[in-house]
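Next come the chains, spelled out residue by residue.
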Amino acid sequence: METFTPGFVFLITTSFLFLRAYNSDPAMKSRSVVGQVQSGETQQVTLKKNDRSKSTCDYETLTCELSTMSTALPTRMVSKSPDDGSDVLCDTRTDGGGWIIMLRRIKGDVDFNRTWLDYKLGFGSWEGDYWHGLEKIHSLTKNGTWELRIDMRYQGKDYYANYGQFVLFNEQLDYAFYVAAFTGNVLDELEMHTNIRFSTKDYSLLGYKCAQTLGGGWWFQGCGRVYVFLTGLFETDEDSKGIHWDNLTSQLDYLDMAEMKIRKRSSKNYKYKAWAGSPPKP
């Protein structure tokens, strides 16, 4: 019969007690995972193609759930879009998750007064202010039915605008967009920009100098009263130039944070009719 030394018995006993404590104490599990993901880091996620019904943003891993990219908003992760293979920045928490972030303003660390090519291809960083790129957004939304959500923070309170239908047209139409089926706790002012062509400091079909004057590319209906402007100057109250939603901030104040995000709607939970409007004329 085999005998065990006291040291060996002590090792086996302490290992058993540690595993039992680990399995029964969620805090210990959390600490062990958080130790692998430092605050402020981007989490790159590799996922099998068959694991996704809509986009890789629909799912979380424990690591992504515990990582934090910013103090402004919860759970972010970088993943691959199954629609076009590009890297996408995800919001996996808000309203059930599954959102691909197309615009984020949280730090003021990126200049948004940029060229048409920049806005077409995208710019910014995963950790800070970010623009996904008009062409990539169009490539995503040209197939299936998509919704748009805008999250904002103003004077310490959270606000949102949700559109059950979102269409972004192609470059020939200067990436004009259409939204419908609004819900939210602000007035629907983005509707004022529907079917308006995008313009930048170096390009405007109608000859507007709004982007050049106000400091960011956008869907300008004119340079006077801009109802919604989320690519403006960060933390400025200069007339019309700040990041604003007119109903909340007026033209003379600014939002503390803003995000635009899109999500593909599944056929089983989509309750709106397909869009049947007319795009802007070429």
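How each quantity is defined
- Residues numbered from 1 in each chain as written.
- Predicted model: local features only at pLDDT ≥ 70, side-chain atom pairs only at ≥ 80, totals over all residues.
- Heavy atoms only, no water.
- Helix = DSSP H or I, 4+ residues; strand = E, 2+ residues; numbered from the N terminus.
- Buried < 20%, exposed > 50% of the residue type's maximum accessible area, 1.4 Å probe, protein only.
- Contact = heavy atoms within 4.5 Å.
- Areas by Shrake-Rupley, 256 points an atom, 1.4 Å probe, with all protein chains shown as cover.
- Pairing = 2+ DSSP bridges.
- Phe/Tyr/Trp six-rings, centres within 6.5 Å; stacked < 30°, edge-to-face > 60°.
- Lys NZ or Arg CZ within 6 Å of the ring centre and 35° of its normal.
- Polar contact = N/O pair within 3.5 Å; in protein donor to acceptor, adjacent residues only side chain to side chain.
- Disulfide = S-S within 2.5 Å.
- Arc of directions from axis to C-beta.
- pLDDT = per-residue confidence, 0-100.
- Core = buried A, V, L, I, M, F, W, Y, C linked by side-chain atoms within 4.5 Å.
- Salt bridge = Lys/Arg side-chain N within 4 Å of Asp/Glu carboxyl O.

A. Quick look at the overall build of the chain. Regarding its fold elements, the chain presents seven helices and 11 strands. Counting every position in the chain, which comprises 282 residues, the buried fraction comes to 46%. Long-range pairs, those at least 24 residues apart, make up 55% of the contacts in the chain between residues at least 6 apart in sequence. Just so you have it, the chain exposes about 14,100 Å², and 52% of that area is on carbon and sulfur atoms.

B. Region of the structure containing the pairing of strand β2 (residues 87-91). The element β2 is extensively covered by neighbouring structure, given that four of its five residues are classed as buried. With two bridges joining them, β2 and strand β3 (residues 99-105) adopt antiparallel strand pairing. Bridging across to β3, Asp91 finds its partner in Trp99.

C. A look at unusual backbone geometry. With phi around 50°, Asp95 is a residue other than glycine that occupies positive phi space. Within the secondary structure, Asp95 sits in the loop between β2 and β3. With a relative accessible area of 47%, Asp95 lands in the partly exposed category. Here Gln155, not a glycine, exhibits a phi torsion of approximately 50°, which is positive. Note on placement: Gln155 falls in the loop between β6 (145-154) and β7 (157-168).

D. Molecular detail of the packing of aromatic side chains. By the definition in use, this model includes 17 aromatic pairs. Each ring, one from Tyr119 and one from Phe198, has its centre 5.2 Å from the other, and the planes form 55°; the classification is tilted. One end of the pair, Tyr119, is in helix α4 (residues 116-121); the other, Phe198, is in the loop between β8 (177-184) and α6 (210-214), and 79 residues separate them in sequence. When the ring centre of Phe112 is taken as origin, the NZ or CZ atom of Arg105, which lies over that ring, is 3.9 Å away. The ring of Phe123 carries Arg114 above its face, with NZ or CZ at 4.3 Å from the centroid.

E. Spotlight on the side chain of Asp174. Mapped onto the secondary structure, Asp174 falls in the loop between β7 and β8. A polar contact is formed between the side chain of Asp174 and the side chain of Tyr203, at a distance of 3.0 Å. Excluding residues that lie within four positions of it along the chain, Asp174 makes contacts with Trp116, Arg197, Phe198, Tyr203 and Leu205.

F. Quick look at the environment of Ile106. With respect to the element layout, Ile106 can be found in the loop between β3 and α4. What makes Ile106 buried here is its relative accessible area of 14%. Separated by 149 residues in sequence, Ile106 and Leu255 place their C-alpha atoms 9.6 Å apart.

G. Quick peek at the state of the cysteines. Applying the stated criterion to the full structure yields one disulfide. Each sulfur in the disulfide pair Cys210 and Cys223 lies 1.9 Å from the other. With the S-S bond torsion at -95°, the cross-link from Cys210 to Cys223 turns out left-handed. One end of the pair, Cys210, is in helix α6; the other, Cys223, is in the loop between α6 and β9 (228-229), with 13 residues separating them in the sequence. You can call Cys210 buried: its relative accessible area is 0%.

H. Structural view of helix α5 (residues 134-141). Every buried residue of α5 is accounted for by Leu134, Ile137, His138, Leu140 and Thr141. Taken around the axis of α5, the buried residues stretch over an arc of 160°, which confines them to a single face. Here the buried face of α5 lies against β3, α4, β5 (130-131), β6, β7 and β11 (257-265).

I. Layout of the confidence of the model for the chain. Looking at the chain as a whole, its pLDDT mean stands at 73, while 64% of the residues score no less than 70. Ignoring residues within four places in sequence, the model shows residues 59-75, a span with pLDDT below 50, making 48 contacts including any to other chains. Scored below 50 in pLDDT, residues 267-277 makes 15 contacts in the model with residues more than four places away or belonging to other chains.

J. Seen up close, the nonpolar core. Core analysis: the biggest nonpolar cluster contains 50 residues, and Leu148, Leu190, Trp218, Trp219, Leu230 and Trp245 have the highest contact counts within it. Look past the residues within four positions of Leu148 in its chain and what remains in contact with it is Trp99, Met102, Ala161, Asn162, Tyr163, Phe166, Val179, Leu190, Met260, Lys261 and Ile262.

K. Broad picture of the pattern of salt bridges. By the definition in use, this model includes 13 salt bridges. Note that Asp151 is salt-bridged to Lys261, the shortest N-O span being 2.8 Å. Separated by 110 residues along the polypeptide, Asp151 in strand β6 and Lys261 in strand β11 bring together distant segments of the chain. Assessed through its relative accessible area of 8%, Asp151 is described here as buried. Linked through salt bridges whose partners overlap, the residues forming this network are Asp91, Arg149, Asp151, Glu259 and Lys261.

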